[in-house]
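Residues per chain, in single letters:
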Amino acid sequence: MINSLRSPSTAVSHIWSYVGPFVRLLLGEIGGLLVCPTTYGRTFHNLRVIMNDGLSTVPADCLHVCIDVTGAYSAQNTELNISLTAIGLLWTSTDFIAKGFLYRQNEEKESDSNGMKEEQALSFSGKVNDQALQMNIVDRDKLLFSVFSLLQNLGADERPEVRNSAVRTLFQILGSHGQKLSKSMWEDCLWNYIFPTLDRSSHMAATSSKTEWQGKELGTRGGKAVHMLIHHSRNTAQKQWDETLVLVLGGIARILRSFFPFLRSLDNFQSGWETLLLFVRNSIFNGSKEVALAAVNCLQSTIVSHSPKGNLPMSYLTSVLDVYELVLHKSPNYNGNMAYKLKQEILHSLGELYVQAQGMFDNGTYLKLLSVVDSGIKQTKVTNSNFEAEYGHVPPVQRTALEILPQLRPAEHLSAMWSPLLTKLLLYLPSSVSCMGSIEDEGDQETRTKDNAEISNGIASESQGEVEASLSNPESTTVPCILNHLFAEKLVPVLVDLFLQAPPAEKYKILPDIIQSLGRCMITRRDNPDGSLWRLAAEGFSCILLDDISKLTENTVSELTITRPARMRIWKEVADIFEIFLIGYCGRALSVMVDSADESIEMNLLDILGDKILKSQIDAPVEILERLITTLDRCASRTCSLPLETVELMPSHCSRFSLTCLQKMFLLCSQGTGEWNSTRCEVSSISIKILISRCEFILERYLMDESKLGENPLPAARVEEVIFTLQELALLVIHPDTVSQLPLHPYLKQCLPGENQARRSHLLVLFPSFCELVISREARVRELVQQLLRYVTTELGLRKSSLAI
């Protein structure tokens, strides 16, 4: 008879008038049959038939009996599979109830048997009065609460499989049919089922035994018992309850993602949100890693899901940031990889949160976000126990921070936040003082963290004014130094990339500080020539200079409201870096062998200085131009300034560097090709004086050394230098405007033929040195001097026209 329910039809309702009493009796007896194990299979089979195929024909007054008996099967602790299947039947019954089949059943009872079902369905709303409809809703709610109560009780079952299945089912029901529940039902669900389930699971996870279990005995081997292996994550009662708690948190996250705007309209939801924040904080500090990650995800998924839709008030966003900040300020009870994993997850969450909710952030909230990320970076200790630091790897939390920093790029409406962001990043680069200190003790952090109870009210961080003060006054903030510059090495490319993306108006506010900080990184070459920090900083410095010069060429900078003192400071920092790095560190022989890539970095900086900066139309003052040209000249003196005894000891790359700098000086004085702008004219006028003095010194030093050595050969580097100088002098053709800067006697300038004034008048200044070099023992030197003397005669117009060159 039970099997007849498998094919319900319109006539089944009449069958129930005959079989109904029997089924009611059967359902009532099933509960009693549970005490007899031999009847499990038969009685449960009948129940499955009713719950799967016959619910649409079961009378309303029998539904609660079906649910109660199903709940009894779920709670029995003899057959695990029957309990799990019965929980599935509860889901089936709830699905049936929530879809409103109860109404259809009531409608069918009122219809006659002459095939007018469709017509009566259309007029059903008119035939059923409001009271009857209200009663149906009340009956439905009672049935749903009956299921919820059963699942909640099963959530405390000693068997992990049963309680986990019950928890999943409870939240699946709420997630799938929550839109059919009224406000009052949701309030009951929150305070009578959801939060009590959370509290109970949390309590059990905290108080359950930590004693490791031994698996079921499978047999013996060699006289010893062999037990089934249990995974280490499930071998204690506490770990099993942790798994249940993770499921509860996942279920709450699903509900908040789906119904947050609606739940926010409930009277006590704010109190529930604060309770959840408090629980999340406690879970992070006192729970396992899995529970802590689930708690963070519960908040994160809610904020990320609703912030882009505009359904999230600012107070909720701020409260989540408060929790994250507190966690990053204070270390959980566990250490090592577990703590790192949690902080990494929070940092990832912060990056995702900002990307999804950019529109919600104002200046104050963005500063708070920077403060939270800053807490995560500064709390990372690089100790001797950290093997990653020993092998040259950035610690995991700092590595995660580097990953999210590009995501924190200020949105268009937050353009004023570029300076605070870049200023904060500069604090992690080496300072002018040796950067080998330790990170702040967590005890100091705890004294600056507010009382833990404040987190329940969404307060756990410094105010906006405090954050702004700390950012505007970097000296007042205690900044950790990163051991071995590992973090700084990875940060420099990120910093440069973010700077290049900044709007021009904001970019030039921070540019002097960027250049200064990169300079401090570049001079680490002296203490750590094999390190990567100085190389990355030099490359970043080059990119920033090229970007600035291109903007100057396009007249973009002049259109901005940048003051003259601000531009002066920028050029001063640029001149300082070239002077300190090229002369003080690249300029000295650090080692005999230099990697070709390192030499390429030096040459690239020379190209930027000689070919880009000093040949472009820039706004640098004359004193800065003089410093830059003098820097080139001092680098060019690397070979000639060395005593004769030490020239042979100089590495080859030093000689190449010196000759390259000397060549740049010749190019600055040359008329060459391209636009002859005002800056280039000024540079040429300054350079020609310095170049002539340098050439005189090189030639005189060569003569002195040759005389000193007598018949002994000169070092190859010294001979190569003088030959290079004579060749470049022969090729140099100066601009007419530059001739006036030559130190020639006035009557000599007047007697020069006008058509030749743009050629080689500089040779007249060096004529005495050429006369001395005619007796040099080096044949190549004599040949070059002879050619230069011919140029001098041509310049003075003394040669016959037939022999003019």
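These numbers were taken from a predicted model, which means no experiment stands behind them.

(A) View of the overall build of the protein chain. A count of helices and strands for the protein chain gives 36 helices and 2 strands. By element, 52% of the accessible surface of the protein chain is carried by carbon and sulfur atoms, the whole surface being about 36,600 Å².

(B) Structural detail: empty space enclosed by the protein. The final tally for this structure, using the stated rule, is 5 cavities of 30 Å³ or more. Approximately 110 Å³ is the volume attributed to the largest cavity. Considering the residues around the largest cavity, the lining is formed by Leu190, Ile194, Phe195, Ile252, Ile255, Leu256, Leu263, Phe269, Gly272, Trp273 and Leu276. Of all the secondary-structure elements, those providing two or more residues to the lining of the largest cavity are α10 (183–207), α11 (237–263) and α12 (269–286). The residue inventory of the lining of the largest cavity, partitioned by class, reads 10 nonpolar, 1 polar and no charged.

(C) Structural detail: the pattern of salt bridges. In the structure shown here, the tally under the stated rule is 24 salt bridges. Salt-bridge contacts for Asp619 lead to Arg567; the nearest nitrogen and oxygen are separated by 2.8 Å. Of this pair, Asp619 sits in the loop between α26 (596–613) and α27 (622–636) while Arg567 sits in helix α25 (residues 564–586), and the two are 52 residues apart along the sequence. Between Asp607 and Lys664 there is a salt bridge whose closest N-O contact spans 2.7 Å.

(D) Quick peek at the side chain of Arg159. Relative to the helices and strands, Arg159 resides in the loop between α8 (130–154) and α9 (160–177). Within polar-contact distance, the side chain of Arg159 engages the backbone oxygen of Gln76 at 3.0 Å.

(E) Quick look at the packing of aromatic side chains. Per the counting criterion, the structure on display carries 15 aromatic pairs. Residues Tyr354 and Phe361 carry aromatic rings whose centres are separated by 5.2 Å and whose planes lie at 75° to one another, so their mutual orientation is edge-to-face. In this pair, the class of Tyr354 matches that of Phe361, namely buried. With centroids separated by 5.5 Å and ring planes inclined at 65°, the aromatic side chains of Phe541 and Phe578 adopt a geometry described as edge-to-face. Placement of the pair is Phe541 in helix α24 (residues 533–553) and Phe578 in helix α25, with a sequence separation of 37 residues. Comparing Phe541 with Phe578, the two get one shared label, buried. An aromatic cluster of three or more residues is present, and its members are Phe260, Phe269, Trp273 and Tyr316.

(F) Local environment of α12. Given a rise of 1.5 Å per residue, 18 residues ought to cover 26 Å, and the 25 Å separating the end C-alpha atoms of α12 matches this to within 8%. Those residues of α12 not exposed but buried are Phe269, Gly272, Trp273, Leu276, Leu277, Phe279, Val280, Arg281, Ser283, Ile284 and Phe285.

(G) Highlighting the packing of helix α19 (residues 418–426) against helix α23 (residues 504–522). Orientation of α19 relative to α23, taken along the N-to-C sense of each, is 5°, at an axis distance of 9 Å. As judged from the angle between their axes, α19 and α23 are roughly parallel. Note on element contacts: α23 touches α19 through Glu506, Lys509, Ile510, Asp513, Ile514 and Ser517, opposite Trp418, Ser419, Leu422, Thr423 and Leu426. Broken down by class, the residue content of the contact of α19 with α23 amounts to 5 nonpolar, 3 polar and 3 charged.

(H) Spotlight on α11. In a regular helix each residue adds 1.5 Å, so 27 residues correspond to 39 Å; α11 covers only 34 Å between its end C-alpha atoms and thus falls short of that length. The largest bend along α11 reaches roughly 55° and is located at Arg257, with the proline Pro261 sitting one to four residues downstream.

(I) Here's a closer look at the state of the cysteines. Across all of its chains, the model carries 0 disulfides by this definition. This cysteine, Cys640, is not joined by any disulfide, and Cys695 carries the nearest cysteine sulfur, 9.8 Å off. Lacking any disulfide linkage, Cys669 is separated from the closest cysteine sulfur, that of Cys695, by 8.6 Å. Under the relative-accessibility criterion, Cys669 is labelled buried at 0%.

(J) Spatial organisation of the nonpolar core. Ranked by size, the top nonpolar core spans 215 residues in total, and within it Trp186, Trp273, Leu350, Tyr366, Phe541, Phe578 and Ile613 carry the most contacts. Looking at this core element by element, the count peaks at 11 residues for α11. Contact partners of Trp186, with chain neighbours within four places excluded, come to Leu174, Gly178, Leu181, Ile194, Ile255, Phe259, Phe262, Leu263 and Leu266.

How each quantity is defined
Residues numbered from 1 in each chain as written. Predicted model: local features only at pLDDT ≥ 70, side-chain atom pairs only at ≥ 80, totals over all residues. Heavy atoms only, no water. Helix = DSSP H or I, 4+ residues; strand = E, 2+ residues; numbered from the N terminus. Areas by Shrake-Rupley, 256 points an atom, 1.4 Å probe, with all protein chains shown as cover. 1 Å grid on protein atoms, 1.4 Å probe; cavity = no way out; pocket = protein on both sides within 12 Å on 5 of 7 lines; lining within 4 Å. Points joined across faces, edges and corners; volume = space filled by probe spheres on them. Nonpolar A, V, L, I, M, F, W, Y, C, P; charged D, E, K, R; others polar. Salt bridge = Lys/Arg side-chain N within 4 Å of Asp/Glu carboxyl O. Polar contact = N/O pair within 3.5 Å; in protein donor to acceptor, adjacent residues only side chain to side chain. Phe/Tyr/Trp six-rings, centres within 6.5 Å; stacked < 30°, edge-to-face > 60°. Buried < 20%, exposed > 50% of the residue type's maximum accessible area, 1.4 Å probe, protein only. Expected span 1.5 Å × (residues − 1). Axes fitted to C-alpha atoms, helices over the stretch in contact; angles between N-to-C directions. Parallel < 35°, antiparallel > 145°, perpendicular 65-115°, else oblique. Contact = heavy atoms within 4.5 Å. Bend = angle between axes of the 7 residues up to and from the residue. Disulfide = S-S within 2.5 Å. Core = buried A, V, L, I, M, F, W, Y, C linked by side-chain atoms within 4.5 Å.

From the geometry alone we can't say anything about function, so treat these as descriptive.
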